[in-house]
Each structure stands twice: as C-alpha cells, then as structure tokens.
Amino acid sequence: MTKLDPVLADKINFLKAAQRDAVSDTASIEALVKTILANVRERGDAAVRDYAKEFDGSDLQDFEVTAEQRQAALAGLDPQTRADTEFAIERVRAFAEAQLATILPLEVEPLPGLHLGHRVIPIRRIGAYVPGGRYPLLSAPVMTIVPAKVAGCDEVIACLPPTAHPAMIAGCHLAGADRIFLVGGAQAIAAMAFGTETMPAVDKIVGPGNAFVNEAKRQVFGPVGIDQLAGPSEIFTVADHTGDPEMIATDLLAQAEHDVRTRVGLITTDHALAEATLAAVERQLLDLPTANVAAPAWRDYGEIAVCADEATMIAYSDFIAAEHLQVHTADPQATAARLRNYGSLFIGKLASVVYSDKCCGTNHTLPTMAAGRYTGGLWVGSFVKICTHQWLDERGVAAVAPPAVRQSAAEGLEGHRRAAAFRQK
C-alpha cells in the first residue's frame, strides 16, 4: 500500500495501530492459483471435480443445480427469510433501475456533417461468484445478480461453493440467476473465465470471495472482465467529539465478524472518544458470539487514529479510502461533502452499514485496499458497455479530413494519410 505522507503522519497519533497488512498476507497464494487456472483450462470439468473434492470435500458429478433442486431449496426457505430476501431484491432493483435511467444514449453533431454518439449495450453473459463463507450471506446473490438483470444482460451464471447453505440456492433463484452451478473457489473463476464442458465462458465476472477467488480474478482479467479485486472487508468511521463510542464500537465489530482479516478503524479529532471507543470494543468482545472471528480482526487489523484537526481527519480518511465509511460528526452532511475516497458513504449516525449490506438498495460489493481512490462499487453501470460510434457526410469529411491528412503526414504514417485523403473530394 502507498505510504502515508510524512507531513500528514506527524499530525496523527495512533492510539491503536494495525499489526498486519492484509495485502501482503495474501502474497503466497499466487502460484497455487496459477496452477488451478491452468489445470481447469486444460482439463475442464475433470479438474473442477478434483478441486471440489480436494478443497470442499464434494463428490458432485453434476455441478449445475436442476430446476427440481431450485424448487426444493425455495420450499425449504423460512417464509420470513424469503419475505426479507424479496424485500431486499425489490430495494436493490428499484435503485438499479433509477441508476440505469441516468445512463443515456448520445447523439450529437458537433460540426455540420459530423455525427458522434454512443450506445448503452448490456454485457451478454455475466458470471456472478456468490461466496459461501462462514454464514449463509443471503444478500450476496441479490447484489450481483439483480443489477445484471436490470441492465438487460442476456444470461447470468451464478457459482457458489458446493458447501453453501441451501438457502443460498434459493437466493440465487429469487434474484434471477439463469443458471446456478455448485462450484466454488479459484476453480469457479477458472471455469467461468475459460468455460468447461458443462459451464459456458462468461464475458465478465463479478462478486466478492476469499483470497483465492480474488487472486484468480486478477489472473484471468483481460480476456474476461472483472468488477474489481475485492480484498477483506473494511469499515472506518470519521468522528468528532459528538461520536457515540458504544455505537462506533458496535459498528466496527459488526463488520469485523465477517473475517479474521477484516480491517476496521476509527479516525477522530477527539482523544476522549478514541479512548472510550477502544474500551467499548474490548468490553463488547467479551459477550459477542462471533468474537472468535471479530477479536483477531480487531487485534491484527484494527486501528484508532487521533488527528490534530478536521482537515487531517479528512485527509487521512481519503488516504485509507475505506470500503465502508461512516460519518459521525456534528454536521455529517458538511463533512461528507469534503470526503472523496470511499466505497460507499454512510452519512449520520442513523445510516448503518448493515442496512446497505442487507437490504436498503445500494450495492454492498465495494472497492477495498484503497481502490476507492479511483473507482466506486458494483452498480448497474458495471453490467453495460458505453460504446461510441460516428458517421459523416461530405460536410463532415471536408471538416476533419484535412487536419487528419496533415497529422498523419507529420507522423510519417503514409497509410493513414492515404486513408484520410481517400474520402476527400
């Protein structure tokens, strides 16, 4: 990760610093993933079966979930869980539809006879990786599949580990997956990228996963698109003296229970709040049922930074570019307007990350590892291409051909010059 500017560092006191770096902690898996990808590319389904047995203890011969299995998973879904899942689907769909309405085709005539424009074209086939994880994350298929269907993609292929809870199959079905495969890990990314005897190759792969999935996405990128390289989850809160230490501690631990490598932190201008939050985290860990996961995450990757002033707090937050960024200040809207690097912003104390993670409508597939400095998260626009076009009549040629001819000649590209001049009259 980029080093912190020394001038900025001098204005920050770390009451608690992270003990490990999540990026460097994954460096050892690169070679193994490369082998898995090559093997699946060469041997197809046979390699997928071998890895399913080795990594998941699965003896499945047929990876695709049948219509009967879909219905069985749906029938086994608790009625309230189904209702809550459908509520989340509707919220995500409504927001994706509103976003899509802002992405418009374009036709302009900047010079007489010169017509330029672009089309909004849905990507043909999407591969949605749906993580199994420690818990049945029912919101995961909603976030990847629903926006793709709203965008108009022809086909959405969902992959989830064979060990995933049956409710996850139901979630993929309700979200609109056209086909569902019980294949997980790096082998799922390889199968979606290259295609096998039973699984079609996709055009773009989306969805978070573990370090093996992330590394596999990195290695297949190029011939197949990816949404982003998603590392372990992150949550930071920027807060002044008005922050509530119990609330902040609760929010940090809610995210920390995702994974032992989750990065959580508080960036504040108030030393008393920092001290109180540190104590609250330690106290809440004593009776948190998921402390076996949250406690190591807090120990290894948690941090509390006390900044000299608000400008430093803003600058350090922009340096971190957290996946989830909460704003707990006296005027959260004003503070939010000054922030520019984050995955998704949660403005004010009532905006919990959990609401977005589950069902409020914004997407929870977000940039991590400081990628928020240059990109946002998954959204309906991730599933379309903006492709330009142009057409000219004689007036347009008369306007653009002469400078194109002269520039080609100046560059010594005679073939270009001839092609540009050919249409002149």
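Up top is the structure these notes are about.
Just so it is clear, the model here is predicted, and its values are computed rather than measured.

Turning next to the pattern of salt bridges. On inspection of all chains with the given rule, the structure shows 19 salt bridges. Of the charged contacts in the structure, one is a salt bridge between Asp393 and Arg395, with a shortest N-O distance of 2.9 Å. Taking the relative accessible area as the measure of exposure, Arg395 reaches 47% and is therefore partly exposed. Here Glu414 makes a salt bridge to Arg417, at a shortest N to O gap of 2.8 Å. With a gap of three residues between them, Glu414 and Arg417 both fall in helix α17 (residues 414–422), about one helical turn apart. Note on Arg417: relative accessible area 26%, which makes it partly exposed. Salt bridges linked by common partners bring Arg20, Arg299 and Asp300 together as one network.

Looking now at the environment of Val293. Examined against the element boundaries, Val293 turns out to sit in helix α12 (residues 291–301). Taking relative accessible area as the criterion, Val293 reaches 3% and is therefore assigned buried. Linking Val293 and Ala336, residues 43 residues apart in sequence, is a C-alpha distance of 31 Å.

Quick look at the side chain of Asp45 now. Topologically, Asp45 is positioned in helix α3 (residues 45–56). Buried and unpaired, Asp45 has no salt bridge, with Arg49 as the nearest side chain of opposite charge at 4.4 Å. Non-local contacts of Asp45, meaning those with residues more than four positions away in its chain, are made with Phe63, Thr196, Glu197 and Thr198.

A few words now on the state of the cysteines. The final tally for this structure, using the stated rule, is zero disulfides. Cys153 takes part in no disulfide bond, and the closest cysteine sulfur to it belongs to Cys387, at a distance of 13 Å. Lacking any disulfide linkage, Cys359 is separated from the closest cysteine sulfur, that of Cys360, by 6.7 Å.

Cut-offs used in this document
- Residues numbered from 1 in each chain as written.
- Predicted model: local features only at pLDDT ≥ 70, side-chain atom pairs only at ≥ 80, totals over all residues.
- Heavy atoms only, no water.
- Salt bridge = Lys/Arg side-chain N within 4 Å of Asp/Glu carboxyl O.
- Buried < 20%, exposed > 50% of the residue type's maximum accessible area, 1.4 Å probe, protein only.
- Helix = DSSP H or I, 4+ residues; strand = E, 2+ residues; numbered from the N terminus.
- Lys, Arg positive; Asp, Glu negative; His and termini not counted.
- Contact = heavy atoms within 4.5 Å.
- Disulfide = S-S within 2.5 Å.

It is worth stressing that arrangement in space is one thing and function is another; only the former is reported here.
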